[in-house]
Amino acid sequence: MSMIESAGQARKALPITARVQLAMLAIALVVAFIFPFLASTFILRLVTLALVSALFAMSVDLMAGYAGLVSLGHAGVLGSAMYGVGYVASKTDGGFALQLLVGFAAGIAASVIFGLMAMRSSGVYFILITIAQGMIVWGLATLLVKITGAENGLPGIRRPVVVETEFRYYFVALIVVLVSSVGLFIVVRSPVGFALKGLRESETRMRMLGHNTTWLKFQMFMLSGFFATIAGILLVYLNEFVNPTDVIIASSALPVLMSILGGIGTLIGPFIGAFVVVFLRNYVSLEIDRWQSIMGLTFIFVVLFARDGLIGAVKKHWYKYLDSKGSGPAALAATEMAAPPLQSG
Amino acid sequence: MTEAAVEAEHVVVDSVVRDRIRVLIITLAIAIPLIAWTLTQMSTLAFFTQILNGLSFGALLFFLASGFTMIFGLMRIANLAHGGFYLMGGYVGITTTLVTGQFWLGLLAGGLVISCLGLFVERILLRRIRGMEKPEVLLTIGLTFVIGDFSLAVWGGDPRQIEKPEYLKGAFQIGDSFFYPKYRLFVLALAILLGSFLFYIDRKTKIGAIVRAGVDDRETVAAMGINIKAVFTGAFIFGAFIAGMSGVIGAGFLSLLPGEDFVILLFALVVVIIGGLGSLEGAALGAVVVGLIDAFAKALVPELSFFTLFAPMAIILMVRPNGLLGRAS
Amino acid sequence: MNVDDVTVRFGGVTAVNHVSLKVEGGQRWAVIGPNGAGKTTLFRTISGEVFPTEGRVELFGSDMSRAAPYQKAQRGVGRTYQVTELFKELTVEENLIIAAQAVTKTRFCFWAPVRVRGEVDEMVANALEAVDLTSARHTRVADMSHGSHRQLEIAMALSSNPKLLLLDEPAAGLSSAERRMMKGLINGLPRDLSIVLIEHDMDIALDLVERVLVLDNGSRIAEGDPDEIRTNQRVQDVYLKFD
Ligand SMILES: Nc1ncnc2c1ncn2[C@@H]1O[C@H](COP(=O)(O)OP(=O)(O)OP(=O)(O)O)[C@@H](O)[C@H]1O
Ligand SMILES: [Mg+2]
């Protein structure tokens with residue numbers, strides 16, 4: 001088979017996958033806008049939580065999956081935004097606009113500080129530093145009684161009246177998460193998104209190519225922190241409450257688990273993972289009160305046996321199916337390999 | 001030795017010395033103003049009490065951090081389950097002491113039970129993902145959740161302490177008016193003992209040489225006829241042993257309760273981040289620094305006592321991303 | 001580029017010992033020498049991965065002895081590796097995009113897709129053409145042969161439009177047919193590009209360049225045009241001893 005023919009096949013094979021993806025996306029959107037009219041408040045709340053968790057997980061996956069820099073302290077950013085909103089709402093008489101402003105400022109400030117601290121490290125060191133960052137936010141949350149209310153948290157946070165009901169708040173969350181997802185989609189396909197992928201593969205090589213990787217990592221922190229901040233603001237108005245359990249290490253580990261479970265290094269992976277984890281948590285916790293163990297065991301299981309996640313598994317079978325029809329990547333790669341590596345130069 | 005070799009040797013020593021001097025300057029630049037300020041805030045006697053508090057807490061941190069750093073130096077695994085090992089080891093020790101009435105048996109039991117757990121973790125779980133840095137870390141954090149929850153199920157959620165033997169109770173008198181808890185001094189002594197032992201291993205034995213040679217030379221090590229797998233397992237078990245034991249020791253002057261696993265892990269992490277991952281001296285230095293900072297912070301600005309860890313860590317990471325004594329990677 | 005009396009030591013090992021190398025614009029140099037002679041270390045000094053213990057590295061008229069690798073790459077130094085270092089999980093095109101955008105303003109852009117940026121696209125297309133890999137554009141690097149990896153290495157260095165190209169044994173591990181192709185490929189590179197080439201194979205090295213530097217044990221043992229080197233007694237001694 002000649003080069004030209006196989007290239008033509010590659011062009012034909014992609015639309016099948018793309019068409020299926022588009023169709024599924026369309027169905028998901030339709031369902032997302034119709035089902036609230038049919039579902040109970042309880043389910044609606046859960047789905048809202050899953051949506052917000054999905055945004056948070058995607059922001060973590062931008063670092064963990066795309067850049068290969070796993071943060072186990074990102075709840076520090078999410079939580080800072082939550083506490084920012086909560087402080088204004090609970091301890092002052094500031095209105096909604098001020099709450100948003102302070103929440104945003106707190107989340108971004110946390111991202112800046114975290115980024116400055118971690119931008120020169122990588123690999124395991126990066127993980128350890130981010131754990132410490134997240135834990136220190138937790139420490140402040142439990143100790144700064146006057147600001148955070150310690151274990152009692154900050155009560156008295158209220159959604160604006162127009163979106164007071166669960167039903168309406170669902171749509172707020174849905175739209176914000178969708179817009180943010182588009183934003184993330186643009187980021188991962190931008191030059192910076194490509195550079196992050198390069199960072200995942202080899203940081204030294206990136207530097208040799210002329211990339212200032214320190215700055216790149218800071219930029220990554222800011223981008224990821226921006227979306228985590230949005231998630232934090234959505235979450236605090238969903239719960240109308242914030243306390244130190246929002247910033248414990250488990251809250252930082254969950255988005256990582258969601259990402260791996262769904263498929264790390266993709267955007268849809270964390271999204272699916274978030275829904276699985278949120279529903280699993282809710283229904284299993286009803287049966288047995290051992291969520292921490294289940295989470296830990298899921299972590300271990302996924303890390304040992306399913307590092308590619310659900311998306312990875314689906315992809316594998318889909319490509320196998322395409323290959324069986326002679327238009328999958330393996331079939332195409334075989335024809336590439338057959339071509340001489342060096343043609344007349 | 002040829003002239004060139006002598007000169008080269010000179011250059012190496014020179015650069016190491018210069019590096020150490022730089023570390024010293026950073027440390028002093030942070031420490032001196034702090035100490036001066038502290039002395040204006042409290043009496044000399046209180047100051048020395050806090051120094052001892054800091055050193056004894058630092059001693060406990062050294063138990064954890066040295067095991068952590070050793071496992072990392074040898075196997076490149078950052079074992080986050082160290083916090084869980086600490087907590088569960090402490091609980092096992094408390095129960096054993098309660099049943100037998102023997103503090104030392106509790107200490108031993110805490111160490112041994114956690115060693116068995118360590119053996120299982122290394123052999124059955126970690127070996128499957130050997131060499132994959134990030135999955136290894138994530139597995140150990142998952143493990144910590146399981147251990148924490150298991151401990152909660154077995155030992156409940158109330159703060160627990162261990163029953164100390166008579167001769168470690170009460171205070172030790174120095175001079176006329178200075179009293180200090182015997183138990184904390186005992187912890188300090190134990191840490192110095194362990195530290196000397198580890199430094200001996202690090203400097204004088206083959207295993208120490210392997211640790212210092214680092215990953216790059218793993219093949220060489222295997223070629224030297226050393227069973228590297230056995231060394232790994234042994235080191236992991238040993239690290240687990242001291243982590244479990246340190247839980248029992250910690251239960252003598254701190255309380256054990258759910259969540260403490262991550263708190264102590266945080267302290268241990270800050271120790272190795274400040275000191276430099278994989279370096280035994282780094283662990284010792286970091287433990288002293290963190291212990292002292294924490295003691296004085298708790299005495300002077302209790303609400304900020306976590307934040308006071310953050311600031312020096314941030315500063316040190318900006319000047320030395322690999323920690324004070326870490327190898328540049 | 002001007003490497004002025006550079007010495008590099010690693011602990012007790014002196015890898016490069018008082019070596020100077022001055023490359024004029026558009027010149028082609030070869031650095032040859034037996035294993036462990038310090039050739040790669042010399043490259044690493046030029047590209048900024050290691051700093052000289054003594055001496056200076058001047059690039060395009062300014063002293064850059066202590067500049068970070070990314071700064072040197074920004075100024076126009078491209079290099080390839082003796083052992084190929086590519087982003088294995090990405091496609092050929094993605095590799096080149098990452099390489100090309102490193103020297104453009106677009107590298108800070110996170111609000112627009114890569115594709116919209118015409119400049120990078122053009123650089124990538126040129127680099128692909130220069131090494132004849134256009135047809136493998138969408139192949140994952142891990143699925144390609146060693147020969148293609150070598151080609152892509154060069155394309156990566158070319159895609160950022162360097163002024164100075166450092167090639168570290170570009171023909172290592174290739175069959176003799178592939179070697180001939182590689183030779184043609186290097187020969188066909190733009191003439192205004194300065195090239196420094198490390199190569200064990202004297203036949204390849206000496207045919208491609210105007211000037212040769214011979215290192216042994218970190219020190220310069222000869223320098224001259226290819227014909228002088230071919231007949232130089234010391235060079236022959238060194239090569240007989242080691243090969
Ligand atoms: N990072 C390092 N630390 C210690 N010694 C090193 C380091 N890098 C290189 N060396 C030593 O410096 C000397 C020169 O090595 P270099 O890689 O420059 O040789 P080379 O000429 O490229 O050899 P080859 O033909 O095998 O590629 C060798 O003796 C090597 O062992
Ligand atoms: Mg070399």
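Residues numbered from 1 in each chain as written. Chains lettered and ligands numbered in written order. Predicted model: local features only at pLDDT ≥ 70, side-chain atom pairs only at ≥ 80, totals over all residues. Heavy atoms only, no water.

Novice: Would you explain the overall build of chain A in this entry?
Specialist: Check the secondary structure of chain A and you find 15 helices and 0 strands. The buried share among the 345 residues of chain A stands at 55%. Partitioning the intrachain contacts of chain A with sequence separation of at least 6 by distance along the chain shows that 79% fall at a separation of at least 24. Summed over its atoms, the accessible surface of chain A is roughly 14,100 Å², and 70% of this surface lies on carbon and sulfur atoms. (Helix = DSSP H or I, 4+ residues; strand = E, 2+ residues; numbered from the N terminus. Buried < 20%, exposed > 50% of the residue type's maximum accessible area, 1.4 Å probe, protein only. Contact = heavy atoms within 4.5 Å. Areas by Shrake-Rupley, 256 points an atom, 1.4 Å probe, with all protein chains shown as cover.)

Novice: How should the confidence of the model for chain A be read in this particular structure?
Specialist: Reading fine detail from the predicted coordinates is not recommended where pLDDT is low. Residue and element names in this part refer to chain A. For chain A, the average pLDDT comes to 88, and 90% of its residues sit at 70 or higher. By mean pLDDT, helix 15 (residues 329-338) is the weakest element of chain A at 55, and helix 10 (residues 213-239) is the strongest at 97. Across residues 1-13 the pLDDT falls below 50, and counting only partners more than four positions away or on other chains, this stretch makes 12 contacts in the model. Predicted confidence is poor over residues 336-345, with pLDDT under 50, and the contacts of this stretch with residues over four places away or in other chains come to 22 contacts. (pLDDT = per-residue confidence, 0-100.)

Novice: What should I look at first to understand the coordination of the magnesium ion (ligand 2) in this one?
Specialist: For a metal with four tetrahedral donors the ideal donor-metal-donor angle is 109.5 degrees, whereas six octahedral donors ideally subtend 90 or 180 degrees. Residues and elements named next belong to chain C. Distances from the magnesium ion (ligand 2) to its protein donors, Thr40 (OG1) and Gln82 (OE1), fall within 1.9 to 2.3 Å. Of this pair, Thr40 sits in helix 1 (residues 39-47) while Gln82 sits in the loop between strand 6 (77-79) and helix 3 (92-101), placing them 42 residues apart in sequence. On the basis of relative accessible area, Thr40 is assigned to the partly exposed category, the value being 24%. (Donors = N, O, S within 2.8 Å, 3.2 Å for Na, K, Ca; no water.)

Novice: Help me out: how do you make sense of the packing of helix 3 (residues 82-100) of chain B against helix 10 (residues 260-275) of chain B in this one?
Specialist: Each pair of packed helices gets described by two things: the angle between the helix axes and the distance between those axes. Residues and elements named next belong to chain B. Relative orientation of the contacting elements helix 3 and helix 10 amounts to 130°, with a least axis distance of 8 Å. Taken together, the axis directions place helix 3 and helix 10 in an arrangement best described as oblique. Classified by chirality, the crossing of helix 10 by helix 3 is right-handed. In this structure, helix 3 contributes Gly83, Gly84, Tyr86 and Leu87 to the contact, and helix 10 contributes Glu260, Asp261, Ile264 and Leu265. (Axes fitted to C-alpha atoms, helices over the stretch in contact; angles between N-to-C directions. Parallel < 35°, antiparallel > 145°, perpendicular 65-115°, else oblique. Left-handed = near helix turned anticlockwise from the far one by under 90°.)

Novice: What is the right way to look at helix 5 (residues 146-159) of chain C in this model?
Specialist: An α-helix turns once per 3.6 residues; consequently, residues spaced three or four apart project the same way. Residue and element names in this part refer to chain C. A rise of 1.5 Å per residue sets the reference length of helix 5, with its 14 residues, at 20 Å; its end C-alpha atoms lie 20 Å apart and thus fit the reference within 8%. Counted residue by residue, helix 5 has 13 buried out of 14 residues, so it is predominantly covered. The positive-phi residue at the C-terminal boundary of helix 5 is Asn161, with phi of around 45°. (Expected span 1.5 Å × (residues − 1).)

Novice: Mind showing me how you'd approach the side chain of Ser111(A) here?
Specialist: Residue and element names in this part refer to chain A. Mapping Ser111 onto the fold places it in helix 4 (residues 96-118). Classification of Ser111 by relative accessible area gives buried; the value is 0%. If sequence neighbours within four positions are ignored, Ser111 has contacts with Val77, Phe221, Met222 and Gly225.

Novice: Explanation requested: the interface of chain B and chain A in the structure shown.
Specialist: Contacts between the two partners involve 48 residues from chain B and, on the opposite side, 42 residues from chain A. Both faces combined, the contact of chain B with chain A buries some 4,000 Å², and carbon together with sulfur accounts for 81% of it. It is Leu138(B), Phe145(B) and Phe310(B) in chain B that bury the most area against chain A; as a group they hold 18% of the surface buried on that side. Among the salt bridges present, the one from Asp149(B) reaches Arg290(A), with a minimum N-O distance of 2.7 Å. Of all elements in the fold, only helix 2 (44-75), helix 5 (133-155), helix 10 and helix 12 (307-319) of chain B reach the threshold of two or more residues within the side of chain B that touches chain A. The leading source of residues in the side of chain B that touches chain A is helix 5 of chain B, at 15 residues. (Buried area = accessible area lost by both parts, 1.4 Å probe. Salt bridge = Lys/Arg side-chain N within 4 Å of Asp/Glu carboxyl O.)

Novice: Which parts of the structure should I look at to understand the sheet that holds strand 4 (residues 54-59) of chain C?
Specialist: Think of a sheet as strands paired side by side through backbone hydrogen bonds, with each pair either parallel or antiparallel. Residue and element names in this part refer to chain C. The 4 strands are arranged 2-1-4-5 in an open sheet whose pairing can be described as antiparallel. What marks the edges here is a single partner per strand, and that holds for strand 2 (13-22) and strand 5 (62-63). Relative to strand 2, strand 1 (residues 2-10) is paired through 6 bridges, and the arrangement is antiparallel. Directly across from Val8, in strand 2, lies its bridge partner Val16. With respect to the sheet, helix 1 is in contact with strand 1, strand 2 and strand 4, its orientation differing from that of strand 1 by roughly 115°. (Pairing = 2+ DSSP bridges.)

Novice: Please clarify how the pairing of strand 9 (residues 211-216) of chain C should be interpreted in this entry.
Specialist: A regular strand places its side chains so that they alternate between the two faces of the sheet. All names here are of chain C. With 5 of 6 residues buried, strand 9 is to be regarded as a mostly interior element. Bridge count between strand 3 (residues 28-32) and strand 9: 4 bridges; the pairing is parallel. Its bridge partner lying in strand 9, Val31 is registered against Leu213. Across 5 bridges, the pairing between strand 9 and strand 10 (residues 219-224) is antiparallel. Among the inter-strand pairings, Asp216 is bridged to a residue of strand 10, identified as Ser219. Where strand 9 folds back onto strand 10 in an antiparallel hairpin, the turn is made up of 2 residues, including Asn217, whose phi is positive at roughly 55°.

Novice: Which parts of the structure should I look at to understand the site of ligand 1?
Specialist: Residues and elements named next belong to chain C. Every residue close to ligand 1 is listed here: Phe10, Ala15, Asn35, Gly36, Ala37, Gly38, Lys39, Thr40, Thr41, Gln82, Glu169 and His200. Gln82 places a side-chain nitrogen or oxygen 2.7 Å from an oxygen atom of ligand 1. Within the side chain of His200, one N or O atom sits 3.0 Å away from an oxygen atom of ligand 1. Protein chains shield 64% of the accessible area of ligand 1, which is 630 Å² for the free molecule. Considering each element in turn, the shell around ligand 1 owes the most residues, 3 residues, to helix 1. Here the residues of the shell around ligand 1 sort into 3 nonpolar, 7 polar and 2 charged. (Near = heavy atom within 4 Å. Polar contact = N/O pair within 3.5 Å; in protein donor to acceptor, adjacent residues only side chain to side chain. Nonpolar A, V, L, I, M, F, W, Y, C, P; charged D, E, K, R; others polar.)

Novice: Help me out: how do you make sense of a nonpolar patch on the surface in this one?
Specialist: Residues and elements named next belong to chain A. A surface patch of nonpolar side chains, about 1,100 Å² in accessible area, is lined by Leu22, Leu25, Leu29, Val30, Phe33, Ile34, Phe37, Leu38, Phe167, Ile175 and Val179. Elements supplying a minimum of two residues to the nonpolar patch: helix 1 (3-34) and helix 7 (166-188). Broken down by element, the nonpolar patch gets its largest block of residues, 6 residues, from helix 1. Topologically, Phe167 is positioned in helix 7. (Patch = residues over 30% accessible without salt bridge, like charges linked within 9 Å, V, L, I, M, F, W, Y side chains within 5 Å.)

Novice: Whenever I open this one, the confidence of the model for chain B confuses me. Can you help?
Specialist: All names here are of chain B. Mean pLDDT over chain B: 86, with 90% of residues reaching 70 or higher. When pLDDT is averaged over each helix and strand of chain B, the minimum, 68, is found for helix 8 (residues 218-223) and the maximum, 96, for helix 3. Contacts for the low-pLDDT stretch residues 1-6, under 50 throughout, to residues beyond four places or in other chains number 1 contact. If you check the scores for this complex, the pTM reads 0.90 and the ipTM reads 0.88.

Novice: I keep staring at the environment of Leu190(B) and nothing clicks. Help me out?
Specialist: Residue and element names in this part refer to chain B. For Leu190, the location among the structural elements is in helix 6 (residues 182-204). Leu190 sits 56 residues away from Ser246 along the chain, and the two C-alpha atoms are 10 Å apart. Here Leu190 is in contact with Phe63 and Ile249, once residues within four sequence places are set aside.

Novice: Honestly, the packing of aromatic side chains in this entry has me stumped. Any pointers?
Specialist: Aromatic rings considered in pairs are described by the distance between their centres and by the relative angle of their planes. In the structure shown here, the tally under the stated rule is 32 aromatic pairs over all chains. Considering the side-chain rings of Phe37(A) and Phe171(A), the 6.3 Å spacing of their centres and the 50° angle between planes classify their relative orientation as tilted. With Phe37(A) in the loop between helix 1 and helix 2 (41-66) and Phe171(A) in helix 7, this residue pair connects regions lying 134 residues apart in the sequence. Residue classification places Phe171(A) among the buried positions, given a relative accessible area of 18%. Geometrically, the ring pair formed by Phe110(C) and Trp111(C) is edge-to-face, given 5.1 Å between the ring centres and 80° between the ring planes. (Phe/Tyr/Trp six-rings, centres within 6.5 Å; stacked < 30°, edge-to-face > 60°.)

Novice: What am I meant to see in helix 4 (residues 118-131) of chain C here?
Specialist: All names here are of chain C. With 14 residues, helix 4 extends 21 Å from end C-alpha to end C-alpha; this agrees with the ideal 20 Å at 1.5 Å per step. Buried residues of helix 4: Val120, Met123, Val124, Ala127, Leu128 and Val131, and no others. The buried residues of helix 4 all sit within an arc of 130° when viewed along its axis, so they share a single face. Exposed side of helix 4, more than 90 degrees from the buried face: Glu122 and Glu129 are the residues found there. Lining the buried residues of helix 4 we find helix 3, helix 5 and helix 6 (176-187). (Arc of directions from axis to C-beta.)

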